[in-house]
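One-letter residues, chain by chain:
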Amino acid sequence: FFFFRTRAWSRVLSMVQRVTYRRRKSFATKSNVVRKVRTPGGKLTLQYVGKQAKRTGCGESGCDRPLSGIKAHRPQELKRISKRQKTVSRPYGGAKCGKCVRTRIIRAFLIEEQKIVKKVLKAQTAEQPKK
């Protein structure tokens, strides 16, 4: 009983401060995460913590690598920022990773080479009966 009358205990009781949500949603959901912050005026308030952003991934099917050179942003933030922050300067920059672009270029080159080889072989087989 005597302990509750001491000055130290009264200071502890006065420090406890109740805080309430500042928005309408009153449930502890992913979009309603808050942090307690003490303002310069000594008041305890709630600060809303935004959702964690995820880095943009490669658009190629089967490849789930994050794109290098592009920071993580929430979808609404991606709308706001400029184009140079959403892309990198190369073909398919900001859509596909460098590894996938490289394989695409090599594949296209090999297909063209194969077409040329077919054409040459066809020409050679057409020449042989004439001799």
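Just above, that's the structure.
How each quantity is defined
Residues numbered from 1 in each chain as written. Predicted model: local features only at pLDDT ≥ 70, side-chain atom pairs only at ≥ 80, totals over all residues. Heavy atoms only, no water. Patch = residues over 30% accessible without salt bridge, like charges linked within 9 Å, V, L, I, M, F, W, Y side chains within 5 Å. Areas by Shrake-Rupley, 256 points an atom, 1.4 Å probe, with all protein chains shown as cover. Salt bridge = Lys/Arg side-chain N within 4 Å of Asp/Glu carboxyl O. Lys, Arg positive; Asp, Glu negative; His and termini not counted. Charge placed at Lys NZ, Arg CZ, Asp CG, Glu CD. Helix = DSSP H or I, 4+ residues; strand = E, 2+ residues; numbered from the N terminus. Buried < 20%, exposed > 50% of the residue type's maximum accessible area, 1.4 Å probe, protein only. Polar contact = N/O pair within 3.5 Å; in protein donor to acceptor, adjacent residues only side chain to side chain. Contact = heavy atoms within 4.5 Å.

Caption draft 1: Molecular detail of a positive patch on the surface. Positive charge collects at one region of the surface, where Lys-25, Lys-30, Lys-51 and Arg-74 lie side by side. In this structure, Lys-25 sits in the loop between helix H1 (7–15) and strand S1 (34–38). Residue Lys-25 is classed as partly exposed on the basis of its relative accessible area of 38%.

Caption draft 2: Summary view of the pattern of salt bridges. Tallied over the entire structure, the rule returns three salt bridges. Notably, a salt bridge pairs Lys-96 with Glu-60, separated by 4.0 Å at the nearest N-O pair. Of this pair, Lys-96 sits in the loop between helix H2 (75–80) and helix H3 (98–127) while Glu-60 sits in the loop between strand S2 (44–48) and H2, and the two are 36 residues apart along the sequence. For Lys-96, a relative accessible area of 13% translates into the label buried.

Caption draft 3: Highlighting the side chain of Asn-32. If you trace the backbone, Asn-32 turns up in the loop between H1 and S1. A distance of 2.9 Å separates a polar side-chain atom of Asn-32 from the backbone oxygen of Phe-27. With residues up to four places along the chain from it excluded, the contact list for Asn-32 reads Tyr-21, Lys-25, Ser-26, Phe-27 and Tyr-48.

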